[in-house]
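# Structural description and commentary
Chain by chain, the residues:
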Amino acid sequence: MKVTVEKNNIRVSGVDCLDLDLTLDCGQAFRWEKQNDGSYSGVAGGYFLNIKKENGDLIFKNTDEKAFSFWKNYFDLEKDYAEICSRLKEDALLSSTIDAYYGIRILNQESWEALCSFVISQQNNIKRIKLIIGRLCRAYGDDLGNGYYTFPSAERLSALSVSDFEKLGCGYRAKYLERLSKDVACGAVDLDKIKTLPLEEARRALLEIYGVGIKVANCALLFGFGFYSAFPVDVWMKRVMEYYPDGLPECFDGIEGIAQQYLFHWARNNL
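Below or above, wherever it landed, is the structure these notes cover. All figures in this text were calculated on a predicted structure; none of them were measured in a lab.

So, on to helix α12 (residues 214-224). Within an α-helix, residues lying three or four positions from one another point in the same direction, as the helix has 3.6 residues per turn. The element α12 is extensively covered by neighbouring structure, given that 9 of its 11 residues are classed as buried. Burial in α12 covers these residues: Val216, Ala217, Asn218, Cys219, Ala220, Leu221, Leu222, Phe223 and Gly224. Within two residues after α12, glycine 226 carries a phi angle of roughly 80°, on the positive side.

Written as structure tokens, this is what we have:
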């Protein structure tokens, strides 16, 4: 990976396996918007970013080195996804799937935002999830300008009532978000500690949270807590599992979540 500072932009070359469409619009994050020029704009970690792929290079627009340090981790730029994909292609189904959809990465999202987002995602579609999260950020996040807002902290949201969340369109999830915000803000739920636990313990800790079931827990673990071995199963993945009657193959070990993202994308487009 080569990083070059070009005035207010940072150009990164030599990053294999990162397709912005497949990564930013695959249902793992909900705050990215595709622009007319093919770039994506979004907010994470308190930073706004416009990112574009140009002649194989990634262009981080109006980004300084401090912000780039965050984005480098967010996009997991130093992980060797080419090696990971090569290993996963030992499985026959994934071999053709990776060739067809090469470039899906797992984003390193903040635990708090990821957990809230997947609580909101319950019995919901991506378009509506984005609308609800957008309202939440506009109402209670910090204004970064040009219509972009940070994701509000647990401390900020802990002052809200169930009714406040309902007004944002959260529906029955409002009571879950109200309790979650208060529990995280007061320390009853320690997200940083959960990140340090072994996978099974971390999953049990999330399942103790009001309104968090197994699917939400696994999604949060994979997309917001750094557990690449978490394997979320929804209606699409239940169909995929019919192709693995004897369980997941050995080449998935430790990276089941990355395999899941490719299989999920294949299922949505082929089943």
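Core analysis: the largest hydrophobic core is formed by 72 residues, its most contacted members being Leu88, Trp112, Leu115, Leu206, Ile258 and Tyr262. Ignoring sequence-local partners within four residues, the contact set of tyrosine 262 consists of Cys17, Cys85, Leu94, Thr97, Ile98, Tyr101, Tyr102, Gly103 and Ile104. With 22 residues, the next largest nonpolar core counts Leu20, Leu58, Ala67 and Phe70 among its residues.

The subject of this paragraph is the environment of leucine 88. Of note, leucine 88 is situated in helix α3 (residues 81-88). According to the relative accessible area criterion, leucine 88 is buried, its value standing at 0%. Beyond its immediate stretch of four places on either side in the chain, leucine 88 contacts Leu94, Ile98, Cys251, Phe252, Ile255, Ile258 and Ala259.

Scoring rules and cut-offs
- Residues numbered from 1 in each chain as written.
- Predicted model: local features only at pLDDT ≥ 70, side-chain atom pairs only at ≥ 80, totals over all residues.
- Heavy atoms only, no water.
- Buried < 20%, exposed > 50% of the residue type's maximum accessible area, 1.4 Å probe, protein only.
- Helix = DSSP H or I, 4+ residues; strand = E, 2+ residues; numbered from the N terminus.
- Core = buried A, V, L, I, M, F, W, Y, C linked by side-chain atoms within 4.5 Å.
- Contact = heavy atoms within 4.5 Å.

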